[in-house]
Amino acid sequence: MSSIAREFSPDGKYCAYISQQGKFIVYEVETGTLHQVYTPNMHLNVPCTCFTWLEVATDQPVATPRSGKAKKQRSSNARQLMAAFGTSRGRVAFYSLATGTIERSCEGDGHSAPVTAICFNAAEDPDTLFTAGADGKVIEWSIMQSAQGAVHNIGVEKLSCVMLASSGVIVTGSKQLKLWDRAESRLLRTLVGHTSNTQILRTLTATTSEEQSFALSGSAMDRNISMWSLSDDGENTPVASFALEDVPEYVSLELVERKMHLVAVSRTGVAHYFMRSLDKLSVKRPYNANHTFQIAVDTATTKTKAVERLPVFVASVQHSPQPETIMLGYGTEASLRFEPIPIDAELKINVIIREPIKLLGKSKQEGDFKTKTPIVDANNAEYLNPVNANKKNMKKVEIPMEVRLENLSLLPDRSDTKMVTGRKNMIHLLVQGLHSRDATILRSVFGRNDPEMIQQTVERIPAQYLGALLSEMSYLMQLKTVHVQTAVCWLKQLITVHASQLMALGSSNLMTNFATCLGIIEYRVEHLNSLAKLRGRLGLLIDQADRSKKQSINRNVDENVLVYQEEEDDSDVDSVLGSDNEQHGSSNEDIYDGDEQESPEYDDEEQEESHAGLSVRKQNGFAQADEHDGNDSDSEEMEVSD
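Only a predicted model underlies this, so the values are computations on that prediction, with no experimental measurement involved.

**Things to note about the overall build of the protein**
Here is step 1 of the chain: The helix and strand inventory of the protein stands at 13 helices and 34 strands.
Here is step 2 of the chain: In the protein, which comprises 642 residues, the share counted as buried stands at 36%.
Here is step 3 of the chain: Considering only contacts within the protein whose residues lie at least 6 apart along the sequence, 47% involve residues at least 24 apart.

Right, dumping it as structure tokens:
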């Protein structure tokens, strides 16, 4: 990913950019050689985030940081070329190209967050710099006094662009472009049209009978460059748009006789050239480029069939040596080449074939190198991977077969070693995925919900990737419950291990980074009681349905069995009792018959009492008869088998 901060100097002699490591690199356009590389002190902790070119008169009074008093340096009309840096600490420093050092720094509190954009408009205010920060503020800095000026509180959102337009209007860019009154810090208009953060902002002033001001902007996720009218009666929508094949990363424009010459460099390294009249602008559909420029590598030199492309890094219509040419800077950040390319009116797509760029600017003899390159035999070369890179070379020893068979028991330990090695390599996958934003790599890393692996990975992640990791966690928190569980585990380890780095961001930035995660967690916790109640009720309904189903099954089983019950009456009992007495060979009638022969009076009384006191009960499958005498003194129980 290339740097967005890249600019030509006002005279077109130099082209500079800020690398990914925060270094300030300057190239000479005419010769295409590397002029200067400035590495700030503690560049890994306080890198340069943005810069702008400015020319300062050498006889201008400049206040030194120590004394604070202004004194003249020289008495001449010469002007000194300088670069104003915005740092990640929220400060502004002035870099002298003549001495190659920081000449002075601006005094003041500055921003509480990194400086995201800096601009200088010599036509409107030759002594003031404007910076925008991630804290939502725009600060004015005096170049002559090297001190902080007015502070404009724009809002809480992170600002990505700032420009000073005509009539004292400040244009700020985030997800929307806003116009502010510089004197009163009052919002004038809001320009709506972009879907993501603005990363490119340029202003254009047309001086005719009526002065017209325009702004051109490009966002991080939009392939179009939008053009806005900054006049008081202008609309809040774009007046024109210019289509590219990818996201724009650099824009240069020039106005010649009411005709706007615009060149834009896309992320894929293609330069698009537009030429439109300001009197014939339309918003019905985006304008296509009049000419496109691409740089291809000569296959005859590389001796390959595949055609490689050299990406265009910068392009300018202001600093071209001739009117009908365009200045292109192509290559990589490690080595650039600048060349003016003529514009052919009949050729729309221009593919320019050039030789591949060597990292060393000039070819040198082998004896000219201070360090010799060792001669390596390709057949005997041994390539180390991250697993065995730290291991020393060991002599090969022939191991007997018996020892090898005995060592087979070490296979489980060998698998554990592979697992630990995978955890160590997981940090490389995570950094690569965050850097390239590859969804496949990130899915493979976040798909493993191993607490130990997560802890080891978070402990080794570089500090500059914490913001990108928080963004990915915010995205995972918005997905299904499985992804939310993984995101919570990562967030827990991230807060535990990197608490100091997160606290150093400040309360406002910390709340901004964790706003999405906190909102989702609070929303889920707020509805936890309702979900628990709903789960309990659903459980009761399911249990009741299962219980009813089981009862219906048991009822169907019982209906298949025939059960018959006879009514109980005295005749049945008597028959049962009689049959039982006959089977046992003895009955009460025989006894009573014997007694009747001896005492017939007693027999009559005994029969009456037996009918009055005889009762039959059926218990446990047996018929039971009880006989009570007239005085209720004696009782007998007789069991009869059914």
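Having put the structure on the table, let's press on.
**Some words on the pattern of salt bridges**
Here is step 1 of the chain: The tally for this structure, following the rule as stated, stands at 11 salt bridges.
Here is step 2 of the chain: Of the charged contacts in the structure, one is a salt bridge between R202 and E7, with a shortest N-O distance of 2.7 Å. Placement of R202 in strand β19 (residues 198-206) and of E7 in strand β1 (residues 6-8) is noted, with a sequence separation of 195 residues between them.
Here is step 3 of the chain: Residue classification places R202 among the partly exposed residues on the basis of a relative accessible area of 21%.
Here is step 4 of the chain: Among the ionic pairs, D279 bridges to R258, the shortest N-O distance being 2.6 Å. With D279 in the loop between β25 (271-277) and β26 (291-297) and R258 in the loop between β23 (248-256) and β24 (259-266), this residue pair connects regions lying 21 residues apart in the sequence.

**Some details on helix α5 (residues 451-460)**
Here is step 1 of the chain: Those residues of α5 that sit buried are M453, I454, T457 and V458. The buried residues of α5 all sit within an arc of 125 degrees when viewed along its axis, so they share a single face.

**A short note on the pairing of strand β11 (residues 115-119)**
A regular strand places its side chains so that they alternate between the two faces of the sheet.
Here is step 1 of the chain: In terms of residue burial, β11 counts as a mostly covered element, since four of its five residues are buried.
Here is step 2 of the chain: Alignment of β11 against strand β12 (residues 128-133), held across four bridges, turns out to be antiparallel. Pairing of V115 across the sheet is with G133, part of β12.

**Let's talk about the pairing of strand β17 (residues 177-181)**
Here is step 1 of the chain: Of all five residues in β17, five are buried, a share of seventy percent or more.
Here is step 2 of the chain: Alternating positions in β17 separate into two faces, L177, L179 and D181 on one and K178 and W180 on the other, with burial throughout.
Here is step 3 of the chain: Here strand β16 (residues 169-173) runs beside β17; their pairing, made up of five bridges, is antiparallel. Pairing of V171 across the sheet is with L179, part of β17.
Here is step 4 of the chain: Linking two consecutive strands that pair antiparallel, namely β16 and β17, is a turn of three residues.

**Examining the packing of aromatic side chains**
Here is step 1 of the chain: Under the definition given, this model contains 15 aromatic pairs.
Here is step 2 of the chain: With a centroid separation of 5.1 Å and 70 degrees between ring planes, the pair formed by Y17 and F313 is classed as edge-to-face. Of this pair, Y17 sits in strand β2 (residues 14-18) while F313 sits in strand β28 (residues 312-316), and the two are 296 residues apart along the sequence.
Here is step 3 of the chain: Note on F313: relative accessible area 5%, which makes it buried.
Here is step 4 of the chain: Note on Y38 and Y95: the rings are 4.9 Å apart at their centroids and 45 degrees apart in plane angle, and the pair reads as tilted. Note that Y38 is positioned in strand β4 (residues 34-38) and Y95 in strand β9 (residues 92-96), a separation of 57 residues in sequence.
Here is step 5 of the chain: Residue Y38 is classed as buried on the basis of its relative accessible area, which comes to 15%.
Here is step 6 of the chain: Residue classification places Y95 among the buried positions, given a relative accessible area of 2%.
Here is step 7 of the chain: Through a chain of ring-to-ring contacts, the aromatic side chains of F24, Y38, F51, W53, F85 and Y95 assemble into a single cluster.
Here is step 8 of the chain: Sitting over the face of the ring of Y250, R202 holds its NZ or CZ atom 6.0 Å from the ring centroid.

**Concerning unusual backbone geometry**
Here is step 1 of the chain: Even without being a glycine, S185 presents a positive backbone phi close to 55 degrees.
Here is step 2 of the chain: Within the secondary structure, S185 sits in the loop between β17 and β18 (186-191).
Here is step 3 of the chain: Residue S185 is classed as partly exposed on the basis of its relative accessible area of 34%.
Here is step 4 of the chain: At R258, a position not held by glycine, the phi torsion is positive, near 65 degrees.

**Digging into the confidence of the model for the protein**
Here is step 1 of the chain: Confidence in the prediction of the protein, expressed as mean pLDDT, is 76, and 71% of residues score 70 or more.
Here is step 2 of the chain: Across residues 64-76 the pLDDT falls below 50, and counting only partners more than four positions away or on other chains, this stretch makes 22 contacts in the model.

**Remarks on the side chain of T52**
Here is step 1 of the chain: Along the polypeptide, T52 turns up in strand β5 (residues 48-57).
Here is step 2 of the chain: Beyond its immediate chain neighbours, meaning those up to four positions away, T52 contacts M82, A83, A84, I118, C119, F120 and L129.

**Some remarks on the sheet that holds β28**
Strand pairing within a sheet occurs via backbone hydrogen bonds; the two strands may be parallel or antiparallel.
Here is step 1 of the chain: Taken in spatial order, the three strands of this open sheet run β28-β29-β30, and their pairing is antiparallel. On the outer flanks of this sheet lie β28 and β30 (336-342), each paired with one strand and no other. When strand polarity is set aside, the average angle formed by the axes of neighbouring strands in this sheet is 25 degrees.
Here is step 2 of the chain: Judged from the seven bridges that link them, strand β29 (residues 325-331) and β30 form a sheet pairing that is antiparallel. Pairing of Y330 across the sheet is with R337, part of β30.

**What about the state of the cysteines?**
Here is step 1 of the chain: By the definition in use, this model includes zero disulfides.
Here is step 2 of the chain: C50 provides the cysteine sulfur closest to C48, a residue in no disulfide bond, and the two sulfurs are 8.8 Å apart.

**What to know about the side chain of D125**
Here is step 1 of the chain: Looking at the element boundaries, D125 is found in the loop between β11 and β12.
Here is step 2 of the chain: In contact with D125, not counting residues within four places along its chain, are F120, L164 and R182.

**Focus on the sheet that holds β17**
Here is step 1 of the chain: Pairing within the open sheet is antiparallel, and its four strands lie in the order β15-β16-β17-β18. Every interior strand has two partners, whereas the edge strands, β15 (161-164) and β18, have only one. Within this sheet the neighbouring strands show an average axis-to-axis angle of 20 degrees, counted without direction.
Here is step 2 of the chain: For β15 and β16, the ladder comprises four bridges, and the chain directions are antiparallel. Within β16, the residue paired with V162 across the bridge is T172.

**Remarks on helix α7 (residues 481-497)**
Here is step 1 of the chain: With 17 residues, α7 extends 24 Å between its outermost C-alpha atoms, agreeing within 8% with the 24 Å of an ideal straight helix rising 1.5 Å per residue.
Here is step 2 of the chain: When α7 is considered as a whole, its buried residues turn out to be V484, T486, A487, W490, L491, Q493 and L494.

**Brief notes about the environment of C106**
Here is step 1 of the chain: Relative to the helices and strands, C106 resides in the loop between β10 (101-105) and β11.
Here is step 2 of the chain: Take C106: its relative accessible area is 5%, and that puts it in the buried class.
Here is step 3 of the chain: As for C106 and A93, which are separated by 13 residues in sequence, their C-alpha atoms are 6.1 Å apart.
Here is step 4 of the chain: Contacts of C106, omitting those with residues within four sequence positions, involve V92, F94, W141, S146 and A147.

Calculation criteria
- Residues numbered from 1 in each chain as written.
- Predicted model: local features only at pLDDT ≥ 70, side-chain atom pairs only at ≥ 80, totals over all residues.
- Heavy atoms only, no water.
- Helix = DSSP H or I, 4+ residues; strand = E, 2+ residues; numbered from the N terminus.
- Buried < 20%, exposed > 50% of the residue type's maximum accessible area, 1.4 Å probe, protein only.
- Contact = heavy atoms within 4.5 Å.
- Salt bridge = Lys/Arg side-chain N within 4 Å of Asp/Glu carboxyl O.
- Arc of directions from axis to C-beta.
- Pairing = 2+ DSSP bridges.
- Phe/Tyr/Trp six-rings, centres within 6.5 Å; stacked < 30°, edge-to-face > 60°.
- Lys NZ or Arg CZ within 6 Å of the ring centre and 35° of its normal.
- pLDDT = per-residue confidence, 0-100.
- Axes fitted to C-alpha atoms, helices over the stretch in contact; angles between N-to-C directions.
- Disulfide = S-S within 2.5 Å.
- Expected span 1.5 Å × (residues − 1).

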